[in-house]
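For reference, the chains in residue letters:
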Amino acid sequence: MVEAVLIDLFSLPANLQNNIHGLLHNTLEAIEKCSSIHALFVYVMCCHRQGSERKGEQEFLLAALRGFQSLKRGLEVVCAQTTVAALYTVKQRLDEKDLSIIKVILPTLRKDLMKVYIDHLFTAVYQFEFEDLQVVPDSESLQISEHQHEGQTLPSQDVALIQSEIQMYLESLPSLKGELTILRSSLIPDDIFLHGFTTRTGGISYIPTLSSCNLFSSSKRRDPQVVVKENLRRLANAAGFNPEAFHRVKVDHANAVCIMGKTEPDNYDGIVTDRKGVTLAAPGADCIPVLFADPVRRACGAAHSGWKGTLLGVSMATVNAMVSEYGCNMRDILVVLGPSVGPCCYKLPHESAKEFHRIDPKCVRQFDSASPYIDIRRATRILLERGGILPENIQDDSITDQKQNITFCTACHPDKFYSHFRDGTNFGTQIGFISIKD
């Protein structure tokens, strides 16, 4: 069932723009007669003309609602100077109300264009239906077509122009929730490596659980890839790395490791390189983003270690890849565990907890309960030490100096970090990143 209607009047011919009051009335009347749409929310998207005030224009258009009391309460006129600005504002309204099924009524010639904007600004969470709005200049009226027209694919140069317009608009948006903040470890020498762990501030993501520097896009979440790309661009500018040479692990919650320069696996939770200027990254939204650095052989790595990856030994698999590929000495490798869910908050079913208990009983709290508390950081440290990493070369929450500790509990700090455990399915993601300086 349609939850919202978007009427696109943005690019009407000049003579119709001047009579938009009557056109909107006719359009709404046509919706009621022809479309069987009973959406509570209707958004009218139109061009903000020079010399008109948005508030006055909106009041002017709302006058067209006489006789449409069922629509009046949920109608908003969105005026902007560009299509992307208007559509992005509509998206914000939809997200505020958690609406996902949208009917788009628009002139036939706008359909293919609008689909490109929608493909870039929305994810698979949303469902769009399109209905043609025929412009009839002679009578200065609009008619809703009963037939759907399959449009032609836009030329690649037109798509490129839309992509550029979207990028420029997103770059112009102010940062939300404060300045962009990067946590760094004193264990990793900054004369050789560039590294850090992100927090949730300083990006443009506006959905509460994704706000504001979300760095992962998924078909199951409402943040599109273009927004995540803009957040990454801002991070890269602040940190000093090239976003075009950025490689994030392809999470599989297992222990495969990608060797930069060799055939890339379909999925992997660890990645290593000895190339300068290449930034490696691992996500975390409760799972541990783990960074690895060898200042002697000048190699580095990143790994994503959730509870499954921890049990499968993804951190030691990453270490072993550095040893075998780059001749690293185990005693030279430095490991830093980033922000992740702590044993204060994280529970697993008893059967899964048994596996952590086998690593060390101290990795489990309230072991006899149905859902014991699990310390995946302690388990990771123990497995690294057993593998040959020196205890003093590992930084995690066992560090007593809180000024140096960066392994905060993500679930306990909603102002600083995202948390899947705390926020549910539409959660944001922070990352740990590292590269070898040129």
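As a reminder, the structure under discussion sits directly above these lines.
Residues numbered from 1 in each chain as written. Predicted model: local features only at pLDDT ≥ 70, side-chain atom pairs only at ≥ 80, totals over all residues. Heavy atoms only, no water.

Novice: Can you explain the overall build of the protein? Please cite residues and give values.
Specialist: A count of helices and strands for the protein gives 13 helices and 19 strands. For the protein, the residues scored as buried account for 55% of the 438 residues in total. Sequence-distant contacts in the protein: of pairs separated by 6 or more residues, those separated by 24 or more amount to 69%. Accessible surface for the protein amounts to roughly 19,600 Å². Of this, 49% is attributable to carbon and sulfur atoms. (Helix = DSSP H or I, 4+ residues; strand = E, 2+ residues; numbered from the N terminus. Buried < 20%, exposed > 50% of the residue type's maximum accessible area, 1.4 Å probe, protein only. Contact = heavy atoms within 4.5 Å. Areas by Shrake-Rupley, 256 points an atom, 1.4 Å probe, with all protein chains shown as cover.)

Novice: So what's going on with the state of the cysteines? Which residues, and what values?
Specialist: With the rule as written, the count across this model stands at 0 disulfides. Cysteine Cys 345 shares no disulfide, and the gap to the nearest cysteine sulfur, in Cys 412, comes to 3.5 Å. (Disulfide = S-S within 2.5 Å.)

Novice: Which residues make up the pairing of strand E13 (residues 288-294), and what are the values?
Specialist: Counting buried positions over the 7 residues of E13 gives 7, a clear majority of the element. The alternating pattern of E13 places Ile 288, Val 290, Phe 292 and Asp 294 and Pro 289, Leu 291 and Ala 293 on opposite faces, both of which are buried. Where E13 hands over to strand E14 (residues 299-305), the hairpin turn is made up of 4 residues, of which Arg 298 adopts a positive phi near 55°. Looking at chain direction, E13 and strand E15 (residues 334-337) are connected through 4 bridges and run antiparallel. Note on E15: the bridge partner recorded for Ala 293 is Leu 334. (Pairing = 2+ DSSP bridges.)

Novice: Report on the sheet that holds strand E8 (residues 193-198), specifying residues and quantitative values.
Specialist: The mixed open sheet is built from 5 strands, whose spatial order is E7-E8-E19-E12-E9. Edge positions in the sheet fall to strand E7 (182-183) and strand E9 (246-248), since each of these pairs with one other strand and no more. In terms of strand pairing, E7 meets E8 through 2 bridges, oriented antiparallel. Across the sheet, Leu 183 pairs through a bridge with Phe 197, a residue of E8.

Novice: So, unusual backbone geometry: which residues are in play, and what are the values?
Specialist: A cis amide bond, omega 0°, links Ser 211 with the succeeding residue Ser 212. Structurally, the position occupied by Ser 212 is in the loop between E8 and helix H8 (225-239). Even without being glycine, Asp 98 reaches a positive phi, approximately 60°. The topology assignment puts Asp 98 in the loop between helix H5 (83-96) and strand E4 (101-107). The residue Lys 177 is not glycine, and still its phi comes out positive at about 65°. Within the fold, Lys 177 resides in the loop between helix H7 (156-172) and E7.

Novice: Outline the nonpolar core, listing residues and values.
Specialist: If you look at the biggest cluster of nonpolar residues, it comprises 38 residues, and the most contacted ones within it are Leu 87 and Leu 170. Only strand E1 (4-8), strand E2 (41-47), strand E3 (75-80), H5, E4, helix H6 (111-121), H7 and H8 provide two or more residues apiece to this core. Broken down by element, this core gets its largest block of residues, 7 residues, from H5. No fewer than three residues from each of domain 1 (4-135 + 161-171) and domain 2 (175-436) sit in this core. Those residues within four positions of Leu 87 in sequence are excluded, and the remaining contacts are Leu 6, Met 45, Met 114, Tyr 117, Ile 118, Leu 121 and Phe 122. Grouped together as the second largest cluster of nonpolar side chains are 37 residues, Ile 259, Cys 328, Ala 353 and Ile 376 included. (Core = buried A, V, L, I, M, F, W, Y, C linked by side-chain atoms within 4.5 Å. Domains from an automatic or database assignment.)

Novice: Lay out the pattern of salt bridges in plain terms, naming residues and giving numbers.
Specialist: On inspection of all chains with the given rule, the structure shows 22 salt bridges. Linking Lys 262 and Glu 325 is a salt bridge whose minimum nitrogen-to-oxygen distance equals 3.0 Å. Linking Lys 262 in the loop between strand E10 (257-259) and strand E11 (270-273) with Glu 325 in helix H10 (residues 314-326), this pair joins segments that are 63 residues apart in sequence. Residue Asp 415 is joined to Lys 416 by a salt bridge in which the shortest nitrogen-to-oxygen separation is 3.7 Å. (Salt bridge = Lys/Arg side-chain N within 4 Å of Asp/Glu carboxyl O.)

Novice: Now, about the environment of Leu 113: what can you tell me, with residues and values included?
Specialist: One can find Leu 113 in helix H6. The class of Leu 113 is partly exposed, set by a relative accessible area of 24%. Separated by 49 residues in the primary sequence, Leu 113 and Ile 162 place their C-alpha atoms 8.5 Å from one another. When sequence neighbours within four positions are dropped, the list of residues in contact with Leu 113 reads Leu 154 and Ile 162.

Novice: Now, about the sheet that holds E11: what can you tell me, with residues and values included?
Specialist: Overall, mixed pairing links the 6 strands, which are arranged E10-E11-E14-E13-E15-E18 in an open sheet. Of all strands in the sheet, those with a lone pairing partner are E10 and strand E18 (394-395), marking the two edges.

Novice: If you had to explain the side chain of Thr 199 to someone new, which residues and values would you point to?
Specialist: Here Thr 199 shows up in the loop between E8 and H8. Judged by relative accessible area, Thr 199 falls into the buried class, the value being 6%. One polar contact links the side chain of Thr 199 to the main-chain carbonyl oxygen of Thr 181, over a distance of 3.4 Å. In terms of polar contacts, Thr 199 uses its side chain to reach the side chain of Thr 201, at 3.3 Å. Look past the residues within four positions of Thr 199 in its chain and what remains in contact with it is Thr 181, Leu 183, Cys 213, Lys 416 and Phe 417. (Polar contact = N/O pair within 3.5 Å; in protein donor to acceptor, adjacent residues only side chain to side chain.)

Novice: Could you give me a rundown of the side chain of Asp 269, with the residues and numbers involved?
Specialist: Counting through the fold element by element, Asp 269 comes out in the loop between E10 and E11. Among buried charged residues, Asp 269 stands out as having no salt bridge; its nearest opposite-charge side chain is Lys 308, 11 Å away. Only 2.9 Å separates the side chain of Asp 269 from the backbone nitrogen of Asp 252, close enough to count as a polar contact. Residues in contact with Asp 269, not counting those within four places in the same chain, are Val 249, Val 251, Asp 252, His 253, Ala 254, Ala 256, Ala 302, Ala 303, His 304 and Val 314. (Lys, Arg positive; Asp, Glu negative; His and termini not counted.)

Novice: Residue-level account of the environment of Ala 124, with values.
Specialist: Summarising the element assignment, Ala 124 is placed in the loop between H6 and strand E5 (127-136). What makes Ala 124 exposed here is its relative accessible area of 59%. As a C-alpha pair, Ala 124 and Arg 221 span 97 residues in sequence and 8.0 Å in three-dimensional space.

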